[in-house]
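Read off the chains here:
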Amino acid sequence: MSHKLAPIICPSILSADFATLAADSNKMLELGATWLHVDVMDGHFVNNITIGPPVVKSLRKHTKGFLDCHLMVSHPSKWIHDFIEAGADNITFHYESENGDLASTQHVLSLIHEENKKQGKDCKASIVVKPKTPVDVLFPLLDVNSSSHENIFMVLIMSVEPGFGGQAFMSDQMEKVRVLRERYPSLNIQVDGGITEETVVEAAKAGANVVVSGSAIFKSPNPQHTMRVMRETILQHLGNNQ
Ligand code: DX5
Ligand code: ZN
């Protein structure tokens, strides 16, 4: 087993009560969450509006948790400065956003690294693909990323169409996870959408070490148990995929 990869459980605060966001977030960390997943939607890239940098900034004051920001916005380049200033620990942006090509993706990655230097921060940079986007579009970026993965911290494979919580898990997306894991044994691979105590098995088997879960954790009668099951399931399969 690679010593680098660990199971990472990310409750999506999209399923929290926004009026008690800090308390809900810290509660999840106490109950075993590794990161807090922050779903940012602009009503343009996806058909929903959620939260932006001011909320991240407020939350930052009330939690030490790792803020994993998933940007579902058309022009992430416009917002990198603000999210890093607000205290994001990771920014994951969509390959399909900006111009939806390699050059614009590389540009957004560079912006994150430049902004870190300017602000003296260490926000990670990650990329996500929607269900209809083939994963091999990312190979040119990941191949030059080398084994250190300094440039790209994580790849997120969506297992629902982005936009809403509570949708059904798309098993067919796990093939992308398998392909990525085989090619990049030490890359953080995250799966987001429809993850439950049951579907996490498919994600873990395919090689994901990071899972996002909104409804299944927040609506669980025992979120601590649900997160423990998810962690143990990933741990159980980590060795088989490396
Ligand atoms: C969907 C979001 C997800 C969502 C997951 O666009 O990216 O993070 O909150 O919620 P569940 O786990 O309910 O599918
Ligand atoms: Zn998300």
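Residues numbered from 1 in each chain as written. Chains lettered and ligands numbered in written order. Predicted model: local features only at pLDDT ≥ 70, side-chain atom pairs only at ≥ 80, totals over all residues. Heavy atoms only, no water.

## Observations regarding the site of ligand 1
Surrounding ligand 1, one finds 20 residues, the nearest of these being Asp39, Gly163, Asp192, Gly214 and Ser215. A distance of 3.4 Å separates an oxygen atom of ligand 1 from a polar atom in the side chain of His37. The residue makeup of the shell around ligand 1, split by class, is seven nonpolar, 11 polar and two charged. (Near = heavy atom within 4 Å. Polar contact = N/O pair within 3.5 Å; in protein donor to acceptor, adjacent residues only side chain to side chain. Nonpolar A, V, L, I, M, F, W, Y, C, P; charged D, E, K, R; others polar.)

## Let's talk about the UniProt feature "binding site: substrate" (unreviewed entry) in the chain
Mapped onto this structure's residue numbering, the UniProt feature "binding site: substrate" (unreviewed entry) falls at Ser12, His70, Gly163, Phe164, Gly165, Gly166, Gly194, Gly214 and Ser215. The topology assignment puts Ser12 in the loop between strand 1 (8-11) and helix 1 (21-30). For Ser12, a relative accessible area of 4% translates into the label buried. Not counting the four nearest positions on each side in its chain, Ser12 is found in contact with His37, Asp39, Val212, Ser213, Gly214 and Phe218. Examined against the element boundaries, Gly214 turns out to sit in the loop between strand 8 (210-213) and helix 8 (215-218). Owing to a relative accessible area of 15%, Gly214 belongs among the buried residues under this scheme. Beyond its immediate stretch of four places on either side in the chain, Gly214 contacts Ser12 and Ser15. (UniProt positions renumbered as here; feature names shortened; annotations may be inferred. Helix = DSSP H or I, 4+ residues; strand = E, 2+ residues; numbered from the N terminus. Buried < 20%, exposed > 50% of the residue type's maximum accessible area, 1.4 Å probe, protein only. Contact = heavy atoms within 4.5 Å.)

## A short note on the pairing of strand 8
Residues of strand 8 alternate between two faces, with Val210 and Val212 on one and Val211 and Ser213 on the opposite face, all of them buried. One ladder, built from four bridges, connects strand 1 with strand 8; its direction is parallel. Bridge assignment links Pro11 to a residue of strand 8, and that residue is Ser213. Where strand 7 (residues 188-192) lies against strand 8, three bridges are found, and the strand directions are parallel. Across the sheet, Gln190 pairs through a bridge with Val210, a residue of strand 8. On the question of chirality, the crossover connecting strand 7 to the parallel strand 8 by way of helix 7 (residues 200-206) is right-handed. (Pairing = 2+ DSSP bridges. Right-handed = clockwise from strand over helix to strand, strands pointing away.)

## Some words on the sheet that holds strand 4 (residues 90-94)
Sheet architecture is open: eight strands sit in the order 1-8-7-6-5-4-3-2, paired in parallel fashion. Two strands bound the open sheet, and with one partner strand each, they are strand 1 and strand 2 (35-41). Adjacent strand axes in the sheet meet at a mean angle of 20 degrees, parallel and antiparallel pairs treated alike. (Axes fitted to C-alpha atoms, helices over the stretch in contact; angles between N-to-C directions.)

## Quick word on the coordination of the zinc ion (ligand 2)
Ligation of the zinc ion (ligand 2) by protein atoms is provided by His37 (NE2), Asp39 (OD), His70 (ND1) and Asp192 (OD), these donors lying 2.0 to 2.3 Å from the ion. Around the zinc ion (ligand 2) sit six donor atoms; with metal-centred angles ranging over 70 to 169 degrees, the donor geometry is octahedral. Mapping the donors of the zinc ion (ligand 2) onto the primary sequence yields the spacing H-x1-D-x30-H-x121-D. Here Asp192 lies in strand 7 and Asp39 lies in strand 2, a separation of 153 residues in the sequence. (Donors = N, O, S within 2.8 Å, 3.2 Å for Na, K, Ca; no water. Tetrahedral: all angles 85-135°; square planar, octahedral: opposite > 155°, others 65-115°.)

## Examining the packing of aromatic side chains
Summed over the entire model, instances satisfying the criterion amount to four aromatic pairs. A ring pair is formed by Trp35 and Phe66, whose centres lie 4.4 Å apart and whose planes are at 20 degrees; its orientation type is stacked. In this pair, Trp35 sits in strand 2 while Phe66 sits in strand 3 (residues 66-72), placing the two residues 31 residues apart along the sequence. For Trp35, a relative accessible area of 7% translates into the label buried. Each member of the aromatic cluster is reached from another via a ring pair, and the members are Trp35, Phe66 and Phe153. It is Lys124 that lies over the ring of Phe153; its NZ or CZ is 5.7 Å from the centre. Sitting over the ring of Phe45, Lys130 keeps its end group 4.9 Å from the ring centre. (Phe/Tyr/Trp six-rings, centres within 6.5 Å; stacked < 30°, edge-to-face > 60°. Lys NZ or Arg CZ within 6 Å of the ring centre and 35° of its normal.)

## Some details on the side chain of Ser104
Considering the arrangement of structural elements, one finds Ser104 in helix 4 (residues 102-119). Dropping the residues within four chain positions of it, Ser104 is found in contact with Ser97, Glu98 and Asn99.

## Describing the pairing of strand 5 (residues 124-129)
Look at any regular strand and the pattern is simple: side chains alternate between the two faces of the sheet. Extensive coverage of strand 5 is indicated by the burial of five of its six residues. Relative to strand 6 (residues 154-158), strand 5 runs parallel, the two being bridged by four bridges. Looking at the pairing, Ile127 lines up with Val155 of strand 6.

## Focus on helix 2 (residues 53-62)
All of the buried residues along helix 2 are Pro53, Val56 and Leu59. Down the axis, helix 2 shows its buried residues gathered within 120 degrees of arc, on one side only. Residues of helix 2 that are exposed and point more than 90 degrees away from the buried face comprise Pro54, Lys61 and His62. Residues of helix 2 that are buried sit in contact with helix 1, strand 2, strand 3 and helix 3 (80-86). (Arc of directions from axis to C-beta.)

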